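# Architecture at a glance
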Amino acid sequence: MRPRVLLLAGLEPTGRAGLLADVAAVRARGGDAVAVPSAQTAQGTHTFAVVPAAPRMLTAQVTAAREWGPLHAVKWGVVPGPSQLATARAALKGTDAWWVVDPVVRSSRGQVLSRLSPRHYLALAGPRVVVTPNLEEAAWLLGRPPLGTVEEAQEAAEALCRVGFGAVLVKGGHLPQGQGLADVLAFSGRTLVMRGRRLKRPPERRGTGCRLASALAAELGRGTGPEAAVRAAREHVTRYLRTGRD
């Protein structure tokens, strides 16, 4: 099946991250991408700006997308504020699509992209919702000190599952040296540690988190189970890091 994936994220014009990176990842996984900008952003070497989407336009775009056919998955990237969150949730009411929530609050350079709080993200929990925080984001969602070990990442993933998420993927790309690279997946009472090689990332190859969440959404929308979907998404990001292509 060719999954139809709605991508709700900030538009970053270079395409190295954000909405355009999401579209590239979904298409590379054989899906149809529906792109809805939650914000306009400018993220250069010296320039940074964020302009949230107007709720009225956000509603119209999501509604129009649904009129053309069913959605099999929704990937949530940057959501700049509570009004955009509430608007998108209302416009998506009634869909049984998988949701992949990437709780992006800051850019890789540390600039603030969103004014949402942990409670906003925790309120999205549901049996067909997968949340994909990195170590910093997982600690922030739970109000915990920074995570520095694989064991702490496992505890965080399991705690977020207890909140009500269908699956949790805690990305361990920023574990301290000596810990290696390990992503932790928790779902259906299981917790898996997925290890891998730490690859050197050229500065221009940004948006790995965007790509992973979007590839995951495409796989879930196709009907792939959570474990196999995560493994496919991780392979997608590895290929991007090695080649620069989705």
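If you check an unreviewed UniProt entry, the protein chain appears there as Phosphomethylpyrimidine kinase from Corallococcus soli.

Attention now moves to the packing of aromatic side chains. Counting across every chain of the model gives 2 aromatic pairs. Measuring from centroid to centroid gives 5.0 Å for Trp 76 and Trp 99, while their planes differ by 50°, and the two rings are tilted. Placement of the pair is Trp 76 in strand S4 (residues 73-76) and Trp 99 in strand S5 (residues 98-101), with a sequence separation of 23 residues. Here Arg 211 stacks its cationic end above the ring of Tyr 240, 3.9 Å away from the centre of that ring.

This paragraph deals with the side chain of Asn 134. Mapped onto the fold, Asn 134 is located in the loop between strand S6 (129-131) and helix H5 (135-142). Within the structure, Asn 134 has its side chain in polar contact with the backbone nitrogen of Glu 136 (distance 3.1 Å). When residues no more than four places from it in sequence are discounted, the contact partners of Asn 134 are Val 170 and Lys 171.

What follows covers the pairing of strand S8 (residues 181-187). Within S8, 7 of the 7 residues are buried, which leaves the element mostly enclosed by the surrounding structure. Here S8 shows no split at all, with Leu 181, Asp 183, Leu 185 and Phe 187 on one side and Ala 182, Val 184 and Ala 186 on the other all buried. With 4 bridges connecting them, strand S7 (residues 167-170) and S8 associate as antiparallel partners. The residue bridging Leu 169 from the neighbouring strand is Leu 185, located in S8. Relative to strand S9 (residues 190-196), S8 runs antiparallel, the two being bridged by 7 bridges.

Summed over all chains, the structure comprises 1 cavity of 30 Å³ or more. There is about 50 Å³ of room inside the largest cavity. Lining the largest cavity we find Gln 43, Gly 44, Phe 48, Ser 107, Ser 108, Arg 109, Gln 111 and Arg 206.

This part covers helix H6 (residues 150-163). The end-to-end C-alpha distance of H6, which contains 14 residues, comes to 20 Å, matching closely the 20 Å that a straight helix rising 1.5 Å per residue would cover. Listing the buried residues of H6 in full gives Val 150, Ala 153, Ala 156, Ala 157, Ala 159 and Leu 160. Packed against the buried residues of H6 are helix H4 (118-122), H5, S7, S8 and S9. Downstream of H6 by a residue or two, Gly 164 has a phi angle that is positive, lying close to 130°.

Attention shifts here to the packing of helix H1 (residues 18-28) against helix H7 (residues 208-222). Relative orientation and spacing of two packed helices are given, respectively, by the angle between their axes and the distance between those axes. The geometry of H1 relative to H7 is characterised by a closest axis approach of 8 Å and an angle of 40° between their N-to-C directions. In terms of orientation, H1 lies oblique with respect to H7. Like other packed secondary-structure pairs, H1 and H7 cross with a definite hand, here right-handed. Counted together, Gly 18, Ala 21, Asp 22, Ala 25 and Val 26 of H1 and Cys 210, Arg 211, Ser 214, Ala 215 and Ala 218 of H7 form the full contact between these two elements. The residue inventory of the contact of H1 with H7, partitioned by class, reads 6 nonpolar, 2 polar and 2 charged.

So, on to H5. Listed in full, the buried residues belonging to H5 are Leu 135, Glu 137, Ala 138, Ala 139 and Leu 141. Looking at the buried positions of H5, the neighbouring elements they touch are H4, S6, H6 and S7. Of the residues flanking the start of H5, the one acting as N-cap is Asn 134, its side-chain oxygen 3.1 Å from the backbone nitrogen of Glu 136. Of the residues flanking the end of H5, it is Gly 143, one or two places downstream, whose phi is positive at about 65°.

Right, let's talk about the nonpolar core for a bit. Within the largest apolar cluster, 41 residues are counted, with the highest numbers of intra-cluster contacts made by Leu 6, Leu 8, Val 74, Trp 76 and Val 170. Ranked by the residues each element gives to this core, the list is headed by H6, at 5 residues. Sequence-distant contacts of Val 170, that is, excluding residues within four places in its chain, are made with Pro 133, Asn 134, Leu 135, Ala 138, Ala 153, Ala 157, Ala 182, Asp 183 and Val 184. Residues Ala 9, Val 100, Ala 218 and Val 230 belong to the second largest nonpolar core, which totals 28 residues.

The next subject is the environment of Gly 81. Following the sequence through the fold, Gly 81 ends up in the loop between S4 and helix H3 (82-91). The spatial distance from the C-alpha of Gly 81 to the C-alpha of His 120 is 9.5 Å, given a sequence separation of 39 residues. Not counting residues up to four positions away in its chain, the partners in contact with Gly 81 are Arg 115 and Leu 116.

The rules we used
- In this convention, every chain numbers its residues from 1, walking through the sequence in written order.
- Whole-chain, interface and lining totals are the exception, using all residues; otherwise, since this is a predicted model, local features are given only for residues with pLDDT of at least 70 and side-chain atom pairs are given and counted only at 80 or more.
- Remark: hydrogens and water are excluded; side-chain values derive from all non-hydrogen atoms of the structure.
- Stacked, edge-to-face and tilted are the three classes for Phe, Tyr and Trp ring pairs, Trp counted by its six-membered ring, which pair at centre distances within 6.5 Å; planes under 30 degrees apart are stacked, over 60 edge-to-face, the rest tilted.
- A helix here means a DSSP run of H or I that spans at least four residues, while a strand means a run of E at least two residues long, and both kinds are numbered starting from the N terminus.
- Any Lys NZ or Arg CZ found within 6 Å of a ring centre and within 35 degrees of that ring's normal is scored as a charge over the ring.
- Residues adjacent in sequence count toward polar contacts only when both atoms are side-chain atoms; beyond that, a polar contact is any pair of N or O atoms within 3.5 Å, and within protein one must be able to donate a hydrogen and the other to accept it.
- Contact definition: two residues touch when any of their heavy atoms are within 4.5 Å.
- Working definition: with a 1.4 Å probe on protein chains only, accessible area under 20% of the residue-type maximum means buried, over 50% means exposed, and in between means partly exposed.
- By the convention used here, strands pair only if DSSP detects at least 2 bridges between them.
- In the cavity and pocket records, a cavity denotes points on a 1 Å grid over the protein atoms alone where a 1.4 Å probe fits but cannot get out, a pocket denotes an open set with protein on both sides within 12 Å along at least 5 of 7 lines, and lining residues are residues with an atom within 4 Å of a point.
- Grid points are joined across faces, edges and corners, and a volume is the space filled by probe spheres set on the points.
- The span expected for a helix works out to 1.5 Å for each residue beyond the first.
- Note on definitions: angles span 0 to 180 degrees between N-to-C directions of axes, and those axes are lines fitted to C-alpha atoms, for helices only across the stretch in contact.
- In what follows, roughly perpendicular refers to angles from 65 to 115 degrees, roughly parallel to angles under 35, roughly antiparallel to angles over 145, and oblique to any angle outside these ranges.
- Crossing handedness is read from the near helix: turned anticlockwise from the far helix by less than a right angle, it gives a left-handed crossing, and turned clockwise, a right-handed one.
- Residues are grouped as follows: Ala, Val, Leu, Ile, Met, Phe, Trp, Tyr, Cys and Pro are nonpolar; Asp, Glu, Lys and Arg are charged; all remaining types, including Gly, are polar.
- Among buried residues, the Ala, Val, Leu, Ile, Met, Phe, Trp, Tyr and Cys ones that are joined through side-chain atoms within 4.5 Å form a nonpolar core.

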